[in-house]
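# Per-entry structural report
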Amino acid sequence: MQNRENMDLTKGPIGKQMFRFALPLFFGSLIQQLYNTVDLIFVGQFLGKEASAAVGASSLIVTCMLGFFTGMGIGVGVIIGKAAGERNQNKLDQTIHTAAGMTILFTIVFMAAGLLLTPVFLSWMDTPKDIIKNACIYLRMYLLSLFSIVSYNIGSGILRALGNSRAPMRYQLLGGIVNVLGNVLFICVLQWGIRGAALSTVCSQTLAASLIVIHLCRMEGETRLRLKKIRLESAICKQILAIGIPAAVQSIVITLSNLIVQTNINRLGVNSIAAFTAYFKVENFIYLPIMAFGSACSTFISQNFGASKPERMQQGTRIALIMGITTTLATSWITLLLAKQLFGLFVTDSEVVILGVKIGWITFPFYFIYVFLEIFSSTIRGAGKALPAMIIIVVNMCLIRTAVLILMMHRNPTVTGVAIVYPITWVCTAFCLFLYYKSKRWMK
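Residues numbered from 1 in each chain as written. Predicted model: local features only at pLDDT ≥ 70, side-chain atom pairs only at ≥ 80, totals over all residues. Heavy atoms only, no water.

## Re the overall build of the protein
A count of helices and strands for the protein gives 16 helices and zero strands. Whereas a compact globule of 444 residues would reach a radius of gyration of roughly 22 Å, the protein reaches 21 Å, a difference of no more than 12%. In terms of its C-alpha atoms, the protein occupies a principal-axis envelope of roughly 55 × 45 × 35 Å. Within the span of the protein, comprising 444 residues, buried residues form 58% of the whole. When contacts within the protein are restricted to residue pairs at least 6 apart in sequence, those whose partners lie at least 24 apart make up 85%. (Helix = DSSP H or I, 4+ residues; strand = E, 2+ residues; numbered from the N terminus. Rg over C-alpha atoms; globule rule 2.2 N^0.38 Å. Buried < 20%, exposed > 50% of the residue type's maximum accessible area, 1.4 Å probe, protein only. Contact = heavy atoms within 4.5 Å.)

## Thoughts on the environment of T326
Mapped onto the elements, T326 comes out in helix 11 (residues 310-337). Assessed through its relative accessible area of 52%, T326 is described here as exposed. A sequence separation of 42 residues divides T326 from F368, and the C-alpha atoms of the two residues are 8.4 Å apart. Here the side chain of T326 touches I322 through a polar contact of 2.8 Å, landing on its backbone oxygen. (Polar contact = N/O pair within 3.5 Å; in protein donor to acceptor, adjacent residues only side chain to side chain.)

## Section: the pattern of salt bridges
Scanning the model with the defined rule gives five salt bridges in all. In this structure, the salt-bridge partner of D8 is R87, at a minimum N-O distance of 2.8 Å. Here the residue D8 occupies a position in the segment before helix 1 (14-46), and R87 occupies one in the loop between helix 2 (49-86) and helix 3 (89-124), the gap between them amounting to 79 residues. Relative accessible area serves as the criterion here: at 47%, R87 is assigned to the partly exposed category. For R231, the salt bridge is made with D93, and the minimal N-O distance between the two is 3.7 Å. Residue R231 is found in the loop between helix 7 (194-217) and helix 8 (234-266), and its partner D93 is found in helix 3; the two are separated by 138 residues along the sequence. One network of salt bridges, in which partners are shared, links D93, K229, R231 and E233. (Salt bridge = Lys/Arg side-chain N within 4 Å of Asp/Glu carboxyl O.)

## Quick look at helix 4 (residues 129-143)
Taking 1.5 Å per residue, 15 residues should reach 21 Å; helix 4 reaches 21 Å between its end C-alpha atoms and fits that length. For helix 4, the complete set of buried residues consists of I131, A135, C136, I137, Y138, L139, Y142 and L143. (Expected span 1.5 Å × (residues − 1).)

## Digging into the nonpolar core
Counting 139 residues, the largest nonpolar core has I80, I158, F343 and Y367 as its most contacted members. In terms of residue count, the dominant contributor to this core is helix 2 (18 residues). Contacts of I158, omitting those with residues within four sequence positions, involve V76, I80, I96, A99 and L216. (Core = buried A, V, L, I, M, F, W, Y, C linked by side-chain atoms within 4.5 Å.)

## Side note on the packing of helix 15 (residues 386-411) against helix 16 (residues 415-439)
A pair of packed helices can be characterised by two numbers: the angle between their axes and the separation between those axes. Look at helix 15 against helix 16: their axes get within 9 Å of each other, and the N-to-C directions meet at 155°. By the angle class used here, helix 15 and helix 16 are roughly antiparallel. The element helix 15 and its partner helix 16 pack so that their crossing is right-handed. The residue inventory of the contact of helix 15 with helix 16, partitioned by class, reads 20 nonpolar, four polar and one charged. (Axes fitted to C-alpha atoms, helices over the stretch in contact; angles between N-to-C directions. Parallel < 35°, antiparallel > 145°, perpendicular 65-115°, else oblique. Left-handed = near helix turned anticlockwise from the far one by under 90°. Nonpolar A, V, L, I, M, F, W, Y, C, P; charged D, E, K, R; others polar.)

## Remarks on a nonpolar patch on the surface
A surface patch of nonpolar side chains, amounting to about 490 Å² of accessible area, comprises V180, V184, L185, V189, L190 and W192. Tracing the backbone shows L185 in helix 6 (residues 166-189). By relative accessible area, L185 is classed as partly exposed at 39%. (Patch = residues over 30% accessible without salt bridge, like charges linked within 9 Å, V, L, I, M, F, W, Y side chains within 5 Å. Areas by Shrake-Rupley, 256 points an atom, 1.4 Å probe, with all protein chains shown as cover.)

## Notes on the state of the cysteines
The final tally for this structure, using the stated rule, is zero disulfides. The thiol of C432 is not disulfide-bonded; the next cysteine sulfur, from C428, is found 7.0 Å away. (Disulfide = S-S within 2.5 Å.)

## Concerning the side chain of T10
Note on placement: T10 falls in the segment before helix 1. For T10, the residues in contact, after removing those within four places along its chain, are R87, Q303, N304, A307, K309 and R312.

As C-alpha cells, this is what we get:
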C-alpha cells in the first residue's frame, strides 16, 4: 500500500491544509462518539431511563482508563510527527514498533484491573443501588473491547502523525455501521438488554481496530508495521513517556475531576444523571469540531517543529483559532435552537429533557472559550512541552474546578449549579495557557 494519503504539513497553504486535515478528524471522531451515542439512543428508547442512567454512570470510568492511552497516543504522535518533519526514517520505524509493544502491555494491565475493580469504582461514585447492577454489567462488557479501542486509537494516531487523517475515518465509518446493526440485532431482535448495547460496541471497535492494523502492516518503507519487529526500545519508550505521561496524567486527573462532578450529579437523583448523560452526548456536536482542529494543530506543530519552522508554527496556531472559534459559534447556537429535539433523541422523559436544555443554555453560549484552551494546549504539546500544559490544565480543570463545584453545591445544589462550574473553569484555563503560549517557551 503506497503512502499517497500522507500529507506533508511543513509546506503549502496553511489554512487549506489545516481544513483538509481536520475535516476527516472531525468525521472520524463523530463516528467514534456515535458508538456510545447509538448505544444510548437504543438503551434510552427501548430499555428506559434507568438503563440510560446506568450507561452514563459507568462511562466516565472507561474514559478514565482510556485517558492513559490517550496520553500515550499523544506521546507517540508527537515523536512520529517530529521524525516525519526531520525525515528520520529509522526513528519512525523504532517508534511505530515500540508503540505497538506498549499498547499490548498496558492494555492487558488496564483490562484486568478494570474487570476486577468495576464494582468498587461504581460504589466510590455513589451510583444509586437501583442502577448499579446494570452499570456493572455494561462496564464489564465494554471493557472486553478495550484492546480494540486502544489499538485503533494508537494506530490511527500513527497515521495522523504521518499526515493521513482519511484512512482512520473510513475504518471508523465501517465500524459505526456494524455498531448500528449490532444494536438492532442484540437489543431489538435478540432482546439482550444492556449486554447487547455493550456487545455491539465490542464488535464494531474490533472491526475498526483490525482494519487499522492491516493498513499499518501494508504500508511501504520504514512506516510499515511488521508484527515480528514489535518490541520495547528503551530510548523510544523514554521519549514517548516523557510526553505521554504528563498528557496521560492530565487526561486522567481531568477525568477524575469529572468523576467528582459525576458523584455530585449522582446525589441529585436518576433524572439528573439521565439529563447530564444526554447533555454529554448533545455536547459532542460542539465539542468534536474543536477536538478536530486541536488534533490537526498538534500534528501540524509537531511536523513543523521537526522541520524547524517556528514562524509557520505560530501562523498555524492563529489559523486554527480562527477556524475553531467560527465553527464553535455556529454549532453552539444551532445546538441551542434544536436543543429539545436533540435531547429527545436520548431520553423520552419530558422532565429529563427540560433539565438537559437548562444545562445547555448555561454552557453552550460560552463554548467558544474552550477553543482557546484546546488550540493552545495542542500547540504546546505538539512542540513536545507536555509537562507545562499538564500543570496548567490540572490545576485549573481539577483543583479550581473542584473548589468551585464545592462552593456551588453548597449554595445551589441543582443541575444548574453543577453546569455553571464548566464555563468558569474554561476561562481560567484558557487564560493561563495563553500566558504560557505568549512567553514562547514552548518553541525552545
